[in-house]
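Descriptive analysis of the structure
Spelled out from the first residue to the last, the chains are:
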Amino acid sequence: MASGGFRAIVLGATGATGRELTTKLAKLESCTQIRALVRREVDVASSFPGIGEAASKLSLIVTDFDNLWSQREHFFDCDVAFSCVGTSRANPAVKADMEKDGDDAGFEKWLKKVDLGYSKAFAETAAKAGVKHLTRISARGADSKNMGSGFNLYHRYQGLADEAVLGLAEKFSHGVTCLRPGLLNRGEMARQHEAELYKKYTGLEVGLLAEASIKEWGNVLNAGMTYAKRVIELKDIVQLVGADPEKYGV
């Protein structure tokens, strides 16, 4: 990492991947500060298990996600931005709209708002504030041309969000990275349907995904890389963290 340390800003810090990422960043000697944009006040100890004394590096910033630009002052001296935000059909608000408007229309409403809208607004604000690099957690199978229904909507909006963020890559001095893992093992934060999937398939542990995100930033920074954009698929994520490819089927 850079001499003198770096500052990071995180969107989606209290989700399964985001909390692992935030905790790992806090424990990293070269990371001097983490600014986490959150919707509401949260208890640090319970929201970021194991962070311990490293919590002194963490600043929680209660934010209106529908107006991220209003928090632009917190972006200005950050070196790297991590976007881990995303919606789920398990979310009560999403469920309510799916029941009211129909499964596809209700789900798509929130994918457009959160996965695409918030991801794009976060990247735009980071770019305008002079953040050097942005990493977005996307998903395997992301494809903006996927016009199917049901969960295909998820893959379509991941693709749309990736395109929106990668389209801003030249505005970052050290470019943009999108990581596309497959099934995630969220541990104690696993959703009900995922717990069933774990019986058949091996999901990538969110701690490893967080580790890969940090290693990618380190590689970019240490090499002084100024590529415009980069997409890292599951097999390369596994390789980046030195995990066993056979375990994850790649």
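Above this text is the structure in question.
Here's what I pulled together on the structure shown here. Just so it is clear, the model here is predicted, and its values are computed rather than measured.

This next bit is on the state of the cysteines. Two cysteines, two sulfur atoms, one covalent bond between them: this is a disulfide. What the rule picks out here adds up to 0 disulfides. The structure places no disulfide on cysteine 84, whose sulfur is separated from the nearest cysteine sulfur, that of cysteine 178, by 12 Å. Take cysteine 178: its relative accessible area is 0%, and that puts it in the buried class.

This brings us to the packing of aromatic side chains. Counted under the stated rule, the structure contains 5 aromatic pairs. When the ring of phenylalanine 6 is compared with that of tryptophan 217, the centres are 5.7 Å apart and the planes differ by 70°; the resulting orientation is edge-to-face. Placement of phenylalanine 6 in strand 1 (residues 6-11) and of tryptophan 217 in helix 7 (residues 206-223) is noted, with a sequence separation of 211 residues between them. The pair phenylalanine 6 / tryptophan 217 is uniform in exposure class, with both members buried. Ring pairing ties together the aromatic residues Phe107, Phe151 and Tyr154, which thus form one cluster. Over the ring of phenylalanine 107 we find arginine 89; its NZ or CZ atom is 5.4 Å from the centre of that ring. Between the NZ or CZ atom of lysine 128 and the centre of the ring of tryptophan 69, over which it lies, the distance is 5.2 Å.

Quick notes on the rules
Residues numbered from 1 in each chain as written. Predicted model: local features only at pLDDT ≥ 70, side-chain atom pairs only at ≥ 80, totals over all residues. Heavy atoms only, no water. Disulfide = S-S within 2.5 Å. Buried < 20%, exposed > 50% of the residue type's maximum accessible area, 1.4 Å probe, protein only. Phe/Tyr/Trp six-rings, centres within 6.5 Å; stacked < 30°, edge-to-face > 60°. Helix = DSSP H or I, 4+ residues; strand = E, 2+ residues; numbered from the N terminus. Lys NZ or Arg CZ within 6 Å of the ring centre and 35° of its normal.

Purely spatial values, then, with no claim about function.
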